[in-house]
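# Examination of the molecular architecture
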Amino acid sequence: MLTEKMEKALNEQINEELYSSYLYLAMAAWFESENLPGCAAWMQAQAREENGHAMKFFKFINERRGRVTLKAIKEPAKEWKSPLAAFEASLKHEQHITGCIDKLMNLAIAEKDHASAGLLQWFVNEQVEEEANVDGIVQRFKMAEKAPGALLMMDHALGERK
Ligand code: FEO
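Right, let's walk through the structure included here. (Residues numbered from 1 in each chain as written. Predicted model: local features only at pLDDT ≥ 70, side-chain atom pairs only at ≥ 80, totals over all residues. Heavy atoms only, no water.)

### Points about the overall build of the chain
Threshold: Where helices and strands are cited, they refer to DSSP runs of H or I of at least four residues and of E of at least two residues respectively, numbered from the N terminus. Burial here depends on accessible area, computed with a 1.4 Å probe over protein chains only, as a share of the maximum for the residue type. Under 20% is buried, over 50% is exposed, and the range in between is partly exposed. Shrake-Rupley sampling with a 1.4 Å probe provides the accessible areas, and residues are treated as covered by the protein chains on show and by no other component. Counted as positive: Lys and Arg. Counted as negative: Asp and Glu, with His and the chain ends omitted from the count. Throughout, a charge is located at the NZ atom of Lys, the CZ atom of Arg, the CG atom of Asp or the CD atom of Glu.
Helix and strand counts for the chain come out as 5 helices and 0 strands. Along the chain, helices (α) and strands (β) appear in the sequence α-α-α-α-α when read from the amino end. Its C-alpha atoms give the chain principal-axis dimensions of roughly 55 × 25 × 25 Å. The buried share of the chain, taken over its 162 residues, is 45%. When the accessible area of the chain is evaluated, it comes to approximately 9200 Å², of which 56% is carbon and sulfur surface. Taking the 20 positively charged and 25 negatively charged side chains of the chain as two groups, their mean positions are separated by 4 Å.

See the structure below:
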């Protein structure tokens, strides 16, 4: 069984993950409008992954005989001043999500909820990967800014993501 506090916090995380998905979908739409289909495809894949994260919490709450409650998802931004700015915003967002996961883990420990801590450990590891991936892309975009044609190469490379 989940404690009331844990159930509420996990439900809030579902909202954070769904917002993440919405944010990346908004970025995908913006990249499409900028004629960068590779970046758009990368963001669409990221949006799907975030939906999967939300569903992991959804499934877990149900398995623990809790109650899933869905709240309104806030509106994401519509445009960014450059591809670099979009990926920088994505990195900042992932750092925020890492903070949310850490807080959830602290709560699970305080509540002596080993099952939630087990699930959250997966997310702790996932966030290391997510931040490292986006940070790598930010660094490459910074290098690409100085080289003509590099943006199109970056777009092509990002479009390879499955
Ligand atoms: Fe679900 Fe990108 O964190």
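Alright, that's what it looks like, and here's the rest.
### So, unusual backbone geometry
For Asn35, which is not glycine, the phi dihedral falls at a positive 60°. By the secondary structure assignment, Asn35 is in the loop between helix H1 (4-33) and helix H2 (37-63). A positive phi is found at Arg65, a non-glycine position, where the angle reads about 60°. Owing to a relative accessible area of 70%, Arg65 belongs among the exposed residues under this scheme.

### Some thoughts on the pattern of salt bridges
Worth spelling out the cut-off: The term salt bridge refers to a pairing of a side-chain nitrogen on Lys or Arg with a carboxyl oxygen on Asp or Glu at a separation within 4 Å.
For the structure on display, the rule yields 5 salt bridges. Between Arg161 and Glu49 there is a salt bridge, with its nearest N and O atoms 2.9 Å apart. Here Arg161 is found in the segment after helix H5 (150-158), whereas its partner Glu49 is found in helix H2, with 112 residues between them in sequence. A residue is classified by how much of its surface remains accessible, and Arg161, at 22% relative accessible area, is partly exposed. As a salt-bridge pair, Lys59 and Glu63 come within 3.0 Å of each other at their nearest N and O atoms. With Lys59 and Glu63 both in helix H2 and 4 residues apart, the pair spans about one turn of that helix.

### So, empty space enclosed by the protein
Put simply, the test is: Using a 1 Å grid laid over the protein atoms alone, points where a 1.4 Å probe fits but cannot get out form a cavity; open sets with protein on both sides within 12 Å along at least 5 of 7 lines form a pocket; any residue with an atom within 4 Å of a point counts as lining. Grid points are joined across faces, edges and corners, and a volume is the space filled by probe spheres set on the points.
Applying the stated criterion to the full structure yields 1 cavity of 30 Å³ or more. Each pocket or cavity is described by its volume, and for the largest cavity that value is around 30 Å³.

### Notes on the packing of H2 against helix H4 (residues 114-144)
Our working rule: In this analysis, axes come from line fits to C-alpha atoms, helices being fitted only over the stretch in contact, and the angle between any two N-to-C directions falls in the range 0 to 180 degrees. Roughly parallel refers to an angle under 35 degrees, roughly antiparallel to one over 145, roughly perpendicular to one between 65 and 115, and oblique to any angle outside these ranges. Any two residues having at least one pair of non-hydrogen atoms within 4.5 Å are treated as being in contact.
For the pair H2 and H4, interaxial distance at closest approach is 12 Å and the crossing angle is 170°. Considering the angle they form, H2 stands roughly antiparallel to H4. For the pair H2 and H4, the contacting residues are Cys39, Trp42, Gln46, Glu49, Glu50, His53, Lys56, Phe57 and Phe60 in the first and Ala115, Ser116, Leu119, Leu120, Trp122, Phe123, Glu126, Glu130, Val134, Ile137 and Phe141 in the second.

### Looking at the side chain of Ser82
We count it as follows: N or O atoms within 3.5 Å of each other form a polar contact, as long as, within protein, one can give a hydrogen and the other can take it, and as long as residues adjacent in sequence are counted only when both atoms are side-chain atoms.
Position of Ser82 among the secondary structure elements: in the loop between H2 and helix H3 (83-110). At 3.0 Å, the side chain of Ser82 forms a polar contact with the backbone nitrogen of Ala85.

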